[in-house]
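Structure at a glance
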Amino acid sequence: MKYRIEKDTMGEVKVPNDKYWAAQTQRSLENFPIGDEKMPKEIIKAFAYLKKACAIVNNKLIKLDDKKCEVISKACEEIIEGKFDNNFPLVVWQTGSGTQSNMNVNEVVANRASELLGYDFRTEKIVHPNDDVNKGQSSNDTYPTAMRIAFLLELQNNLIPAINILKTTFEKKVKQFENIVKIGRTHLQDATPLTLGQEISAYVEMLEKALSQVDDSIKYIKELAIGGTAVGTGLNSHPDFSPMVCEVLNEITNTKYEFKSHPNKFHALTSHDGEVFLSGALNALASNLMKIANDIRWLSSGPRCAIAELSIPQNEPGSSIMPGKVNPTQSEAMTMVAVQVMGNHSSISIAASQGNFELNVFKPVIAYNLLQSIRLLSDTMKTFNNNCAIGIEANIKNIEKYLNNSLMLVTVLNPYIGYEKAALIAKTAYKNNTSLEEEAVALNILTKEEFEKYVKPKEMTKARE
């Protein structure tokens, strides 16, 4: 591999000749060989949006050269399109302000911009990474801004649509199963009846709440730190820079949510409570997805020796030794995602608590975990929907068997014969392995006609006067 010599304030360093990055990126690459977790591509794309917006505003406010503005913007567009993905090699585990990834973007943009002007960036630095691309900015305000751009775009483009897809499927299932009466279960024991549609309606409500909680978090995430520069004072940045950058970002990202200049840049640099709020919404969603996935795999357990009230799609062999075995793999995948998201929430919460004085220096780990949570939740809801939820069917034979054999149907008799007599019927039927009706009559508590008049499972699925 051929190398070239690049210089920065620390001296000289060798850089691969075919790469657009320069000295500061190379130093980070060499100084932090920690793990395989690369800076998320969503962050790099968000940085490119931000650097383009900053160049446009600098061109208007402090007369960044027209040609430099043009080529910086073009280089950013190419990064957004993914043309230089192999030029962003840095890991998450670097400086806690994200400075090196900010400089990685600055260097690649500057060198590509110089090239677009017709110069060989290896020998002629026409566009400077700090003085031109990073003009009026600091890593301390650009990295948290790029984080939030990435979060909001991922929420808008992936998570919210995924929630809606799964919610719509369950809404259809509620309608499809609205007249199927089944036994309820509490404490993993038999309870009173409800319809299968009613049971699934809880899942719809969970996803509705998730949409509402994510939407609530967006009002914090759309407030951007840009313009705060090093410590929040805005040193070396124009007073109008921040709101103008936000306006340009709204145009070039096509977001339906409006980015706004954070009203307190000191808060924006040192605190990430907005990220904790968003992570909390994702954590709540993960908790509910865990419940949904577990319900469905329990209700479809069997096929012959367990509950088996539901049938789910059979997607792949489930065992390397047991022929014909099929497992609830989509539920298993979704529950593992839920566990990961819950763990991420702990990491994010702890990281956000580390805002020492004017800067939180745990930003990359917050960004990495939040983006992973958003991505995993989005992906698992889509695959669970397509490979499981859409194909859920009711096993009527088993549902009716369990319903008619349940001792908890006795609950409806409380208003007529009292709790103690009803309990006697249930306990005697369980002891003798007989039906509720048989024991109600044998104990001279009810006649056969009275029992049949009172015990109607369909009518037990709603409140009665």
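All values reported here derive from a predicted model rather than from experimental measurement.

What to know about helix α8 (residues 241-253)
A rise of 1.5 Å per residue sets the reference length of α8, with its 13 residues, at 18 Å; its end C-alpha atoms lie 18 Å apart and thus fit the reference within 8%. If you check which residues of α8 are buried, you get Phe241, Ser242, Val245, Cys246, Val248, Leu249, Asn250, Ile252 and Thr253. On its buried face, α8 sits against α2 (41-61), α6 (139-176), β5 (223-224), β6 (260-261) and α9 (265-270). Directly beyond the C-terminal end of α8, a positive phi value near 55° is found at Asn254.

A short note on the pattern of salt bridges
A pair can form between side chains of opposite charge whenever their charged atoms are brought close. For the structure shown, the criterion picks out 25 salt bridges. For Lys175, the salt bridge goes to Glu178, with nearest N and O atoms at 3.5 Å. Glu178 gets classed as partly exposed once you look at its relative accessible area, which sits at 35%. Salt bridges here are not isolated pairs; linked through shared partners, they connect Lys182, Arg185, Glu199 and Glu309.

Structural notes on the side chain of Ser279
The residue Ser279 is located in helix α10 (residues 273-299) in this model. When its relative accessible area of 2% is taken as the criterion, Ser279 is described as buried. Polar side-chain contacts of Ser279 include one of 2.8 Å to the side chain of His345. When near neighbours in sequence (up to four residues on either side) are disregarded, Ser279 contacts His345, Ile348 and Leu370.

Notes on the packing of aromatic side chains
To describe a pair of aromatic rings, one takes the distance between the centres and the angle between the planes. Inspection of the entire model under this criterion finds 7 aromatic pairs. Ring centres of Phe170 and Tyr203 lie 5.3 Å apart, and the angle between their planes is 65°; this geometry places the pair in the edge-to-face category. Placement of the pair is Phe170 in helix α6 and Tyr203 in helix α7 (residues 196-221), with a sequence separation of 33 residues. Judged by its relative accessible area of 0%, Phe170 is buried. For Tyr203, a relative accessible area of 2% gives the class buried. Members of the aromatic cluster, connected to one another through ring pairs, are Tyr20, Phe84 and Phe121. Over the aromatic face of Tyr3 sits the side chain of Lys14, whose NZ or CZ is 5.1 Å from the ring centroid. Across from the ring centre of Tyr402, 5.8 Å away, lies the NZ or CZ of Arg185, which sits over that ring.

Let's talk about unusual backbone geometry
Pro303 follows Gly302 through a cis peptide bond whose omega is 10°. Structurally, the position occupied by Pro303 is in the loop between α10 and β7 (310-311). Of note, the phi angle at Lys63 is positive, near 55°, even though the residue is not glycine. The residue Lys63 is located in the loop between α2 and α3 (66-80) in this model. Classification of Lys63 by relative accessible area gives exposed; the value is 65%. Positive phi outside glycine occurs at Phe357, with the angle close to 55°. By relative accessible area, Phe357 is classed as exposed at 74%.

A word on the pairing of strand β4 (residues 189-195)
When strand β3 (residues 181-186) meets β4, the two strands line up antiparallel, connected through 5 bridges. When the bridges of β4 are listed, Thr186 appears paired with Gln189. Adjacent in sequence and paired antiparallel, β3 and β4 are bridged by 2 residues, among which His187 carries a positive phi angle near 60°.

Concerning the pairing of strand β2 (residues 11-16)
In this structure, strand β1 (residues 3-8) lies alongside β2, joined through 6 bridges in antiparallel fashion. If you follow Glu6 over to β2, its bridge partner there is Val13. Joining the antiparallel neighbours β1 and β2 is a turn of 2 residues.

Here's the deal with the packing of α2 against α3
One way to put it is that α2 packs onto α3 with a least axis distance of 9 Å and a crossing angle of 165°. Judged on the interaxial angle alone, α3 and α2 are roughly antiparallel. Crossing handedness for the pair α2 and α3: left-handed. Contacts between α2 and α3 pair Ile44, Lys45, Ala48, Tyr49, Lys51, Lys52, Ala55, Ile56 and Asn59 from the former with Asp66, Cys69, Ile72, Ser73, Cys76, Glu77, Ile79 and Ile80 from the latter. A per-class count over the contact of α2 with α3 returns 10 nonpolar, 2 polar and 5 charged.

So, the nonpolar core
The biggest cluster of nonpolar side chains holds 105 residues, and the ones touching the most others in it are Leu159, Phe170, Leu249 and Leu377. When residues in this core are grouped by element, the largest group, 15 residues, is from α6. Judged by nonpolar contacts, the second largest core, of 21 residues, contains Val181, Leu407, Val412 and Ile445.

Looking at the side chain of Gln330
As for its position among the elements, Gln330 is in helix α11 (residues 329-352). Judged by relative accessible area, Gln330 falls into the buried class, the value being 14%. In terms of polar contacts, Gln330 uses its side chain to reach the side chain of Thr383, at 3.4 Å. If we ignore the near neighbours within four places in the chain, the residues touching Gln330 are Asn315, Thr383, Phe384, Asn387 and Cys388.

Rules and cut-offs
Residues numbered from 1 in each chain as written. Predicted model: local features only at pLDDT ≥ 70, side-chain atom pairs only at ≥ 80, totals over all residues. Heavy atoms only, no water. Helix = DSSP H or I, 4+ residues; strand = E, 2+ residues; numbered from the N terminus. Expected span 1.5 Å × (residues − 1). Buried < 20%, exposed > 50% of the residue type's maximum accessible area, 1.4 Å probe, protein only. Contact = heavy atoms within 4.5 Å. Salt bridge = Lys/Arg side-chain N within 4 Å of Asp/Glu carboxyl O. Polar contact = N/O pair within 3.5 Å; in protein donor to acceptor, adjacent residues only side chain to side chain. Phe/Tyr/Trp six-rings, centres within 6.5 Å; stacked < 30°, edge-to-face > 60°. Lys NZ or Arg CZ within 6 Å of the ring centre and 35° of its normal. Pairing = 2+ DSSP bridges. Axes fitted to C-alpha atoms, helices over the stretch in contact; angles between N-to-C directions. Parallel < 35°, antiparallel > 145°, perpendicular 65-115°, else oblique. Left-handed = near helix turned anticlockwise from the far one by under 90°. Nonpolar A, V, L, I, M, F, W, Y, C, P; charged D, E, K, R; others polar. Core = buried A, V, L, I, M, F, W, Y, C linked by side-chain atoms within 4.5 Å.

Note that every value here comes from positions in space, so none of it alone points to a role or purpose.
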